Structure formats: C-alpha cells, structure tokens
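Okay, here's what each chain looks like letter by letter:
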Amino acid sequence: MWWVSKFLAFSSLTVSLLLIQGVLALPYDQKTSFDGDAEVLRASHAVEIRVSINTDFDFRWSLSSSRTDSAGLQGAELLQLNVVFVFLETQRASEIQSVDFWLDVDVGAGPSIQRELNPPYDLLGGSVNSANGLDLSQLLVGPHFVVAQVTFKNSTMPTVQTRAEFDVTDLSATATPVSTPSPIPSFTKVPLLAEFQWSLSSIRSNPMTLQGSNLMSDTTVYIFLQAELESSIQLVEFWLDAAVGTMPPLQRERNPPYDLLGGSVQTAKGLAVSELSVGSHFVIARVNLRDPSIQPATIRADFVVGDEMATASPTPT
C-alpha cells in the first residue's frame, strides 16, 4: 500500500534527523533492552534503532606503577602473584569533580575505597608519576569487579558509573599489557625485613611477635610494625581483618614508629581486644618505599583472641 511505504520512509527520515541532533523521541509502547555494545530500542512496528553506549571511561591495568603498557581490565585474567596498577582512563578530566572507586562492592553498598579529585584516577590512589598497586595475592582466585562513579563539575550533569569485571587466576594471565608472551614488570621486588609486634605498654616496651600470638580478650594491646631501613619507607598502610584494597586502610603512617592505630613518637594508641570476637584475626601492612621502581611490600600477621590469658604476654610497664 502506497501510504504504508510513505509512512515508513518518513519515520526512517525522522529518526535519522533526531539521531543526528542527539535526541531520540519514541512512542510510549517502544521497549528498551541492553545487548552489550549498544542500547537497542525496538518499536512496535519492528523498526530497530542502535545508539552507541558512552565509552568515555575505561578501566585499565598495568604491571608498572607508571601505568605504561596498560590493557583493558574488562575480561582480563590476572596472575595472583602479581601487583597490578588499576586506573580509570578518560579524555574528560577537565569536566570531572571527583571519581569514587569500589572493589567487589556495588556503589552505595559500602564506603568507597578511594576518591580521586585530579587525574590520573587510580583505584588505590598515588601520585602523577606513580600509582599505588593492588596486591592480587590478597584476593581470592576467581571473579572480581571494580566500579567507578564519576561526578562532574557541572551539577546539572548526572553522575556516570562504569564497571569492569576480571578474574584472578593462579595460572599465567591470558591478558597481558604488553605484546610479548611473558611481560616483565618495571618494578623490582626486594625483601623487606619487617614484622608485626605487640606490647601491653603504650610505650611499646617488651614487645613480642604478633604472628601466632593468643591475646587475652580483656586487655588493651599496642600493635606496631617493626621495620629496618626506615629511611627508605615513604608510607605504611594498615588493615585489620580486611585484605588490601577491599576497603580504605585503617591507618596511614608516614613516619616511624608505625602504629596500627596511630599515636606519637612516645606512645601508641591501643587496641581494645574486647572489641574483637573470640577467634582468628589478622592484620596487614602495605609498605610503600620512596623508590617508585621497587614493588610495595605486604606484611601479614595472624593471631587469635581468646577468653583466657594470652599464651605469650610481655611484661607490662
């Protein structure tokens, strides 16, 4: 029928003009679905229109703290023994007020692990020249995801959320940031002589090794990281019963002594053991060195909280 042909031709022309203008007006009975790379709008008269999805924000990962030779994080398989440097790449930095990040937690389901106000936008923060690394040994083998929420300076613009899913594997990563089969990290891994110690005294006297200790539930203990080569340390970050990067650090220390809960040179802040449940617990410290070419070191100590006297108790002062 001649009027049907003219109607369809007119509809096609109208849709084309609207798309050129960046506006899409559809009748109320048309449905929207998502098919991966494009948003598909299907009308009741079987006309299909494809509109490109926003690709202005891209999660990337690198084996280098300087973010070189990066690759897309979505769908990547990352080797568990590596430290990787994850960041959000965008060409719209001049429009951005802040970027908030979550790891294995959806937006709003928990506090963000990092907020970045200026580029580069690193998952765990850092500086212009060097990103903080994510120690994959602290993540379980299997699927994981990161989410970023971008807030713009123009308050009339809605926030944008972008997500990338990846796998941690104990086999060689199938997706590598460089073209060679065995990429070589640009950092150096060096041993760091450090251990967690604890004391019943705020002045840290008569300390004992925390690893394997049984702490009495009605005591207050003072936990700190004892490290050699303190002059080479830039920052120590602490977590209690949480893996590195799964939530913001409990404490950041830039100068010795490196106390789990902070303090002064003379006295440390105490941890009331009664605030912890009876059973197994752990603390983790990530030590960032002043030399950005050296991989951050991760130190962990496991201990037990009991309702009986600690098996190894330093003499209080």
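Located above this text is the structure these notes cover.
The rules behind the values
- Residues numbered from 1 in each chain as written.
- Predicted model: local features only at pLDDT ≥ 70, side-chain atom pairs only at ≥ 80, totals over all residues.
- Heavy atoms only, no water.
- Helix = DSSP H or I, 4+ residues; strand = E, 2+ residues; numbered from the N terminus.
- Buried < 20%, exposed > 50% of the residue type's maximum accessible area, 1.4 Å probe, protein only.
- Contact = heavy atoms within 4.5 Å.
- Areas by Shrake-Rupley, 256 points an atom, 1.4 Å probe, with all protein chains shown as cover.
- Pairing = 2+ DSSP bridges.
- Axes fitted to C-alpha atoms, helices over the stretch in contact; angles between N-to-C directions.
- Core = buried A, V, L, I, M, F, W, Y, C linked by side-chain atoms within 4.5 Å.

Draft legend 1. Focus on the overall build of the protein. Looking only at helices and strands, one finds 1 helix and 23 strands in the protein. Within the protein, the fraction of its 317 residues that count as buried is 42%. The long-range share in the protein, meaning contacts at least 24 apart out of those at least 6 apart in sequence, stands at 62%. Carbon and sulfur atoms form 54% of the exposed surface of the protein, whose accessible area is close to 17100 Å².

Draft legend 2. Summary view of the pairing of strand S17 (residues 220-227). With respect to burial, S17 is a largely interior element, 6 of its 8 residues being buried. The pairing of strand S14 (residues 194-199) with S17 spans 6 bridges and is classified as antiparallel. Following the sheet pairing, Trp-198 is matched in S17 by Ile-223. Relative to strand S21 (residues 271-272), S17 runs antiparallel, the two being bridged by 2 bridges.

Draft legend 3. Just the sheet that holds strand S19 (residues 251-253), in detail. One open sheet holds the 5 strands; their spatial order is S16-S23-S22-S18-S19, and the pairing between them is mixed. The open sheet terminates on both sides in strands that have one partner only, identified here as strand S16 (214-216) and S19. Taking each pair of neighbouring strands and ignoring which way they run, the sheet shows an average axis angle of 30°. Bridging between strand S18 (residues 233-240) and S19 involves 3 bridges; their strand directions are antiparallel. Within the sheet, the bridge partner assigned to Glu-237 lies in S19 and is Arg-252.

Draft legend 4. Fine view of the sheet that holds strand S6 (residues 77-79). Ordered by their spatial adjacency, 5 strands build an open sheet running S6-S13-S12-S8-S9, and the pairing between neighbours is mixed. The two strands at the open ends of the sheet, each matched to only one other strand, are S6 and strand S9 (114-116). Across the sheet, the mean angle from the axis of one strand to that of its neighbour is 30°, orientation sign disregarded. In this structure, strand S8 (residues 96-103) lies alongside S9, joined through 3 bridges in antiparallel fashion. Each residue of the ladder has a partner; that of Val-99, found in S9, is Glu-116.

Draft legend 5. Representation of the nonpolar core. Core analysis: the biggest nonpolar cluster contains 29 residues, and Phe-59, Trp-61, Leu-73, Leu-88 and Phe-101 have the highest contact counts within it. For this core, the elements supplying multiple residues, two or more each, are strand S4 (57-62), strand S7 (83-90), S8, strand S12 (142-152) and strand S13 (160-169).

Draft legend 6. Spotlight on unusual backbone geometry. Following Pro-119, the chain continues into Pro-120 via a peptide bond in cis, with omega recorded as -5°. For Pro-120, the location among the structural elements is in the loop between S9 and strand S10 (121-122). Each neighbour pair has its own omega, and for Pro-256 with Pro-257 the value is -5°, a cis peptide bond. Position of Pro-257 among the secondary structure elements: in the loop between S19 and strand S20 (258-259). For Asp-69, which is not a glycine, the phi torsion comes out positive at approximately 50°. Its location among the elements puts Asp-69 in the loop between S4 and strand S5 (71-72). The exposure class assigned to Asp-69 is partly exposed, which follows from its relative accessible area of 49%. Even without glycine at this site, Asp-241 takes up a positive phi of about 55°. On the basis of relative accessibility, which here comes to 33%, the residue Asp-241 falls in the partly exposed class.

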